[in-house]
Every structure is written in C-alpha cells, then in structure tokens.
Amino acid sequence: MKLIYVFDAYCGWSHGFSGTLREVVARHPELPVEVVSGGLFTGRRQVAISNFSYITEANAEIRRITGARFGAGYQQLIAEGSFVMDSEAAARGVAALRQAAPDRAAELGMVLQHAFYVDGRSLSDPATYRQVAETVGLDADAVVAAFQGPEAQEAAEADFRRTAELGVTAFPTLLAVDGSRAVPLARGHATADEVDRRLAPLGFTPTP
C-alpha cells in the first residue's frame, strides 16, 4: 500500500494541508508517498490573480483552520494583481524536483509551496527552482535543466492524466492505494488524527 497525494502547488488549501501531510509522513514512514500535480490553473484559468476575487477570503479561512502562513512576498502579489498562476509550469517544477529526489517528493512539494505562498516567488521562474534546490541540498543545475527540459513537460501532462484517472476533482486529496483499491483519507482539509482514523481499518497505526 502507498499514499497518493494529489495537490496543486498554486492551491491555497494544499498549502494549508502541509502541516497535516508532514505529520502523516512522520507517523507512517512505512508508507511511500506518490505526489501528483493537479491542473488547477490551466487553459482559461491562466489569468491575472486579481480575477479570482475569492482568494483573500479563502486565505483567511485557510489560515483560521490550518494556521498556514501567507507571507509578505505573496501578499504583495495579491495586492498588485497582475501575477498569473500557471499550474502547468508548477507541475513541471514538481516533476523536476521529484526526479532529483523521488523519496522526498512530499517534502519538496511543501518547500515549493512555501516559495510561493510565503516568499511570493513565481513557480514559472527557473530561478525559483534553483533557490529551492540549493535550500534542500539538491543539484541546482540539474533541477533547473530538468524544469526546462521536455521530460518535465511530459511528466506534467502525465500527472494531469493521473489526476483524472484517480477521479480527483478537489485539491488537495490524499488517498491510500492498494492495487486497484483507493481509499480517500482527506479532501481539502483533515487533521493527522483524522487521517489516522481512516487508515486504522486498513491495518496502519502511527509509528510510536
């Protein structure tokens, strides 16, 4: 059995879920985690952030429920309004980081969201991936090259297909998967204790 975490790096609720995901991974080191990027802001949704009038209110709710931090750099993007969230580029970045350190994919996804939601860095900018790679001790040149290469594009498209195949329509979604059986553990928000209660019937308890 493994966990599949379907998120979008530009999804505020995914950012808010980071604390829960971190705790679940720490409690269950025996469960590998597959990280899949969704396509929240693609096609006609690739427009200036000012078009999404709900974001400020949603962020306040995310902060209230999860304690997630939204930093000054990100707040400046919201205030200025012209920034465009491109989930395809973000998915290429997730793929590049995942390729560099497959066993750290969950951690790297959270670091990438910190770069946007706290530091206000664009997930379309190669410099962001250089900084993230350097921060977490990866080969920055290799990560940037992967982000800009055709394999990352193919991986992003494969992630979007995988999201559809899993029937995921809301981010984040955490699944426990065993063969063809997929059990939802969290959609949108859940605490680590709530995830554990859903894992318990499957035979998994937290590591002491």
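Because the structure is predicted, anything quoted here is derived from the model rather than measured.

I would appreciate a short explanation of the packing of helix α5 (residues 87-100) against helix α9 (residues 150-165) in the present structure.
Axis separation between α5 and α9 bottoms out at 8 Å; the angle between their running directions is 110 degrees. When the axes of α5 and α9 are compared, the pair comes out roughly perpendicular. Residues Ser87, Glu88, Ala91, Arg92, Ala95, Arg98 and Gln99 of α5 touch α9, and the partners they reach there are Glu151, Ala152, Gln153, Ala155, Ala156, Asp159 and Phe160. Its residues assigned to classes, the contact of α5 with α9 shows six nonpolar, three polar and five charged.

It is not clear to me how the pairing of strand β4 (residues 181-187) should be interpreted in this structure. Could you clarify?
Residues in a regular strand project their side chains so that they alternate between the two faces of the sheet. Bridge count for strand β3 (residues 173-178) against β4 is six bridges, and the pairing is antiparallel. If you follow Leu175 over to β4, its bridge partner there is Pro184. Between β3 and β4, which follow one another and run antiparallel, lie two residues, and Gly179 among them has a positive phi close to 65 degrees.

I keep staring at the environment of Arg64 and nothing clicks. Help me out?
Assignment of secondary structure puts Arg64 in helix α3 (residues 55-66). As for Arg64 and Pro126, which are separated by 62 residues in sequence, their C-alpha atoms are 32 Å apart.

I would appreciate a short explanation of the side chain of Gln113 in the present structure.
Structurally, Gln113 is set in helix α6 (residues 105-117). In this structure, Gln113 is in contact with Phe7, Asp8, Ala9, Tyr10, Cys11, Ser14, His15, Ser18 and Val118, ignoring residues within four places of it in sequence.

What is the right way to read the nonpolar core from this model?
Side chains that are nonpolar tend, in soluble globular proteins, to be buried together. By size, the foremost hydrophobic cluster in this structure holds 56 residues, and its most contacted members are Met85, Phe116 and Leu174. Considering each element in turn, this core owes the most residues, eight residues, to α6. With residues near it in sequence (within four places) discarded, Leu174 still touches Leu3, Ile4, Tyr5, Phe17, Leu21, Val183, Pro184, Leu185, Ala186 and Val195. Within the second largest apolar cluster, eight residues are counted, among which are Val6, Val36, Phe171 and Leu175.

Explain the packing of helix α7 (residues 126-136) against helix α8 (residues 140-148) here, please?
Describing two packed helices takes the angle between their axes plus the distance from one axis to the other. Their axes nearest at 8 Å, the elements α7 and α8 cross at an angle of 145 degrees. Here α7 and α8 pass one another in a crossing that is right-handed. Residues Pro126, Tyr129, Arg130, Ala133 and Glu134 of α7 form the contact with α8, whose own contacting residues are Ala140, Asp141, Val143, Val144, Phe147 and Gln148. Along the lines of polarity and charge, the residues of the contact of α7 with α8 split into seven nonpolar, one polar and three charged.

Would you mind showing me how to read the packing of aromatic side chains here?
Any aromatic ring pair is given by two values, namely how distant the centres are and how the planes are angled relative to each other. Per the stated rule, a full pass over the model turns up 13 aromatic pairs. Seen in terms of ring centroids, Phe70 and Tyr117 are 5.6 Å apart; in terms of plane orientation they differ by 80 degrees. Their pairing is edge-to-face. One end of the pair, Phe70, is in the loop between α3 and α4 (72-80); the other, Tyr117, is in helix α6, with 47 residues separating them in the sequence. Summarising the burial analysis for this pair, Phe70 and Tyr117 share the class buried. Aromatic rings pair up to connect Tyr10, Phe70, Tyr74, Phe83, Phe116 and Tyr117 into one cluster. Here the guanidinium or amino end of Arg92 rests over the ring plane of Phe147, the centre of that ring lying 4.6 Å away.

Help me understand the pattern of salt bridges, please; the structure alone is not making it clear to me.
A side chain of one charge can pair with a side chain of the opposite charge when the charged atoms of the two come close. The final tally for this structure, using the stated rule, is 10 salt bridges. Residue Lys2 is joined to Glu34 by a salt bridge in which the shortest nitrogen-to-oxygen separation is 2.6 Å. With a gap of 32 residues between them, Lys2 in strand β1 (residues 2-7) and Glu34 in strand β2 (residues 33-37) connect regions that are remote in the sequence. Assessed through its relative accessible area of 22%, Glu34 is described here as partly exposed. Of the charged contacts, one joins Glu107 and Arg104 as a salt bridge, the two residues approaching to 2.9 Å between their closest N and O atoms. The exposure class assigned to Glu107 is partly exposed, which follows from its relative accessible area of 33%. Each of Glu23, Arg27, Asp193 and Asp196 takes part in a single network of salt bridges with overlapping partners.

Conventions adopted
- Residues numbered from 1 in each chain as written.
- Predicted model: local features only at pLDDT ≥ 70, side-chain atom pairs only at ≥ 80, totals over all residues.
- Heavy atoms only, no water.
- Axes fitted to C-alpha atoms, helices over the stretch in contact; angles between N-to-C directions.
- Helix = DSSP H or I, 4+ residues; strand = E, 2+ residues; numbered from the N terminus.
- Parallel < 35°, antiparallel > 145°, perpendicular 65-115°, else oblique.
- Contact = heavy atoms within 4.5 Å.
- Nonpolar A, V, L, I, M, F, W, Y, C, P; charged D, E, K, R; others polar.
- Pairing = 2+ DSSP bridges.
- Core = buried A, V, L, I, M, F, W, Y, C linked by side-chain atoms within 4.5 Å.
- Buried < 20%, exposed > 50% of the residue type's maximum accessible area, 1.4 Å probe, protein only.
- Left-handed = near helix turned anticlockwise from the far one by under 90°.
- Phe/Tyr/Trp six-rings, centres within 6.5 Å; stacked < 30°, edge-to-face > 60°.
- Lys NZ or Arg CZ within 6 Å of the ring centre and 35° of its normal.
- Salt bridge = Lys/Arg side-chain N within 4 Å of Asp/Glu carboxyl O.

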